[in-house]
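Coordinates in review
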Amino acid sequence: MLLHTIKEVREQVKEWKKRGLVVGLVPTMGALHAGHLSLIKKAVERCDRVVVSVFVNPIQFCPGEDLDKYPRTLEADTKMCDDAGVSIVFAPSPNEMYGEGQISSNDFLTYVIPPFFYVNKLCGKSRVGHFDGVCTVVNKLFNIVQPDFAFFGQKDAQQLIIIKKMVKDLNIPVEIVPCPIVREESGLALSSRNKYLSDEDKKEALVLSKILNNINSCYKRGLTDVDALKETAYSFLNEHHELEYLEFMNQDDLEEVTIADNNTRVFIACKVGGVRLIDNILLGE
Ligand code: PAF
């Protein structure tokens, strides 16, 4: 069922809750691919009813980012959800979510701001305000759907860690379920933004997973010094790649580490053909 208004979703969820049904939420920005489908399948397995939100959230895009050209494929998304057993696809307009005119100015909207320690690094460094927008919309979706479980991909690992922190700090009654990264056979992590890559760029984009896999192999062979592990990345880079960051952090609290262990997550962001791609790996996995 495709719904566009908060009121309709609330009414439907209220009815489910009355019957004691377990509700799952998969928040997305649409352009659904096999990565999303893996979250949806997990949700359908675990919950009696599943809501998938499809909303390209304007307040998480920074000036100059791809808000206007972000792929929008609602018809195909709805079909994929229907086939997978989703009960509601919730696709609100920006005005429905934020009220007429509210998003044009920060002065008129209440935001959820995650802690500086979690956002002044990795993607938060170049995407200033991005996680404020993510936390605000996810919090709103939690309030609208009131899910028992919410499913997020490990691909956006910083986002996942920040959302878990928000849920804990704000006592939101939802269990966050992390879901593993889905990759093409080549190793490329699935992303809606892969649509922007030419065939040639797609080959060059393998640099992210290659660097991560190589670091993990070195770690498994006993190398734990982070500087030495970082060094191993440089031989993979060429003029097609614009490395934004390669960082080693504790996966629970995003504290930077100098000696890696099995709780260290390696995060990479690299531009290929002008497209900014991210990936990550948990060492020892
Ligand atoms: O990961 C995403 O697609 C978005 O950041 C999310 C969680 C749906 C919020 O808009």
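Notes on the structure follow.

Observations regarding helix 1 (residues 6-18)
- Helix length check: helix 1, at 13 residues, gives a terminal C-alpha distance of 18 Å against a target of 18 Å (1.5 Å per residue), a fit within 8%.
- Along its buried surface, helix 1 packs onto strand 1 (2-3), strand 2 (23-28), strand 3 (49-54), strand 4 (88-90), helix 4 (94-98) and helix 7 (130-145).
- In the segment just after helix 1, Gly-20 is the residue with positive phi, at about 75°.

Here we look at the nonpolar core
- Counting residues in hydrophobic clusters, the biggest one holds 48 residues, and the most contacted among them are Phe-90, Phe-142 and Ile-176.
- Of all the elements, helix 7 adds the most residues to this core, at nine residues.
- Grouped together as the second largest cluster of nonpolar side chains are 26 residues, Ala-205, Ile-211, Phe-248 and Ala-260 included.

Looking at empty space enclosed by the protein
- Per the counting criterion, the structure on display carries one cavity of 30 Å³ or more.
- One number sums up the size of the largest cavity: a volume of about 60 Å³.
- Around the largest cavity sit Lys-155, Gly-187, Leu-188, Ala-189, Ser-191, Asn-194, Ala-205, Leu-208, Ser-209, Leu-277, Ile-278 and Asp-279, which together line it.
- Looking at side-chain class alone, the lining of the largest cavity contains six nonpolar, four polar and two charged residues.

Some words on the pattern of salt bridges
- As enumerated under the stated definition, the model contains twelve salt bridges in all.
- Linking Glu-175 and Arg-46 is a salt bridge whose minimum nitrogen-to-oxygen distance equals 3.3 Å. Here Glu-175, found in strand 6 (residues 175-179), pairs with Arg-46, found in helix 2 (residues 34-46); they are 129 residues apart in sequence, far enough to count as distant.
- Arg-46 gets classed as partly exposed once you look at its relative accessible area, which sits at 42%.
- Two residues, Asp-279 and Arg-183, come together in a salt bridge whose shortest N-O distance is 2.8 Å. Note that Asp-279 is positioned in strand 9 (residues 275-282) and Arg-183 in the loop between strand 6 and helix 9 (199-204), a separation of 96 residues in sequence.

What to know about the environment of Leu-206
- Tracing the backbone shows Leu-206 in the loop between helix 9 and helix 10 (207-220).
- On the basis of relative accessibility, which here comes to 16%, the residue Leu-206 falls in the buried class.
- Here the alpha-carbon distance between Leu-206 and Arg-276, two residues 70 residues apart in the chain, equals 13 Å.
- Once residues within four sequence positions are removed from consideration, Leu-206 is found in contact with Ser-186 and Leu-188.

Considerations on the sheet that holds strand 2
- One open sheet accounts for six strands, arranged 1-4-3-2-5-6; its pairing is parallel. A strand with exactly one partner marks an edge of an open sheet, and here the two such strands are strand 1 and strand 6.
- Summarising the sheet, strand 1 and strand 4 pair through two bridges and their orientation is parallel. Paired with Leu-3 across the strands is Phe-90, a residue of strand 4.
- Against the sheet, helix 1 engages strand 1, strand 2, strand 3 and strand 4, with an angle of about 150° to strand 4.

Quick word on the side chain of Gln-154
- The residue Gln-154 is located in the loop between strand 5 (149-153) and helix 8 (157-169) in this model.
- Contact partners of Gln-154, with chain neighbours within four places excluded, come to Leu-160, Pro-178, Cys-179, Pro-180, Ile-181, Arg-265 and Asn-280.

Structural notes on the layout of surface pockets
- For the second largest pocket, the calculated volume is near 390 Å³.
- In this structure, the second largest pocket is lined by 19 residues; those nearest its centre are Gln-154, Leu-160, Lys-164, Gln-251 and Arg-265.
- Here the lining of the second largest pocket takes five residues from helix 8, the largest share from any one element.
- Grouping the constituent residues of the lining of the second largest pocket by class yields eight nonpolar, four polar and seven charged.

Description of the packing of aromatic side chains
- What the rule picks out here adds up to four aromatic pairs.
- On the numbers, 6.0 Å between centres and 75° between planes, the contact of Phe-117 with Tyr-118 is edge-to-face.
- Phe-117 gets classed as partly exposed once you look at its relative accessible area, which sits at 37%.
- With a centroid separation of 6.5 Å and 85° between ring planes, the pair formed by Phe-142 and Phe-152 is classed as edge-to-face. Of this pair, Phe-142 sits in helix 7 while Phe-152 sits in strand 5, and the two are ten residues apart along the sequence.
- The exposure class assigned to Phe-142 is buried, which follows from its relative accessible area of 3%.

Side note on the site of the ligand
- Near the ligand the following residues occur: Pro-27, Thr-28, Met-29, Asn-57, Gln-60, Val-134, Val-137, Val-138, Phe-152, Asp-156 and Gln-159.
- Here an oxygen atom of the ligand and a side-chain polar atom of Gln-60 are 2.6 Å apart.
- Gln-159 places a polar side-chain atom, nitrogen or oxygen, 2.7 Å from an oxygen atom of the ligand.
- For the shell around the ligand, the elements supplying multiple residues, two or more each, are strand 2 and helix 7.
- No other element matches the three residues that helix 7 contributes to the shell around the ligand.
- Residues that form the shell around the ligand fall into these classes: six nonpolar, four polar and one charged.

Calculation criteria
Position numbers for residues count from 1 along each chain, tracking the sequence in the order it is written. Predicted model: local features are reported for residues with pLDDT of at least 70 only, side-chain atom pairs are reported and counted for 80 or more only, and whole-chain, interface and lining totals are derived from all residues. Water and hydrogen atoms play no part in the side-chain values, which are based on all heavy atoms of the structure. A run of H or I in DSSP becomes a helix once it reaches four residues, and a run of E becomes a strand once it reaches two; helices and strands are each numbered from the N terminus. Expected span of a helix: the number of residues minus one, times 1.5 Å. Residue contacts follow a heavy-atom distance rule, with two residues in contact if any of their heavy atoms lie within 4.5 Å. The criterion is simple. A nonpolar core is a set of buried Ala, Val, Leu, Ile, Met, Phe, Trp, Tyr and Cys residues joined through side-chain atoms within 4.5 Å. When a residue's accessible area, from a 1.4 Å probe over protein chains only, is under 20% of the maximum for its type it is buried; when over 50% it is exposed; and in between it is partly exposed. Residues are called lining when one of their atoms sits within 4 Å of a cavity or pocket point, these points coming from a 1 Å grid over the protein atoms alone, where a cavity is a set in which a 1.4 Å probe fits but cannot get out and a pocket is an open set with protein on both sides within 12 Å along at least five of seven lines. Grid points are joined across faces, edges and corners, and a volume is the space filled by probe spheres set on the points. Under the scheme applied here, ten amino acids are nonpolar (Ala, Val, Leu, Ile, Met, Phe, Trp, Tyr, Cys and Pro), four are charged (Asp, Glu, Lys and Arg), and all others, including Gly, are polar. Counted as salt bridges are all cases of a side-chain nitrogen of Lys or Arg within 4 Å of a carboxyl oxygen of Asp or Glu. Only strands that DSSP links by at least two bridges are regarded as paired with each other. For helices, the fitted line uses only the C-alpha atoms of the stretch in contact; every axis is such a line through C-alpha atoms, and the angle between N-to-C directions lies from 0 to 180 degrees. What counts as a ring pair is set by centres within 6.5 Å for rings of Phe, Tyr and Trp (its six-membered ring), and what kind of pair is set by the plane angle: stacked under 30 degrees, edge-to-face over 60, tilted for all other angles. Residues are labelled near a given molecule or strand when at least one of their non-hydrogen atoms is within 4 Å of it. Polar contacts here mean pairs of N or O atoms no more than 3.5 Å apart (in protein, one a potential hydrogen donor and the other a potential acceptor; neighbouring residues in sequence count only if both atoms are side-chain atoms).

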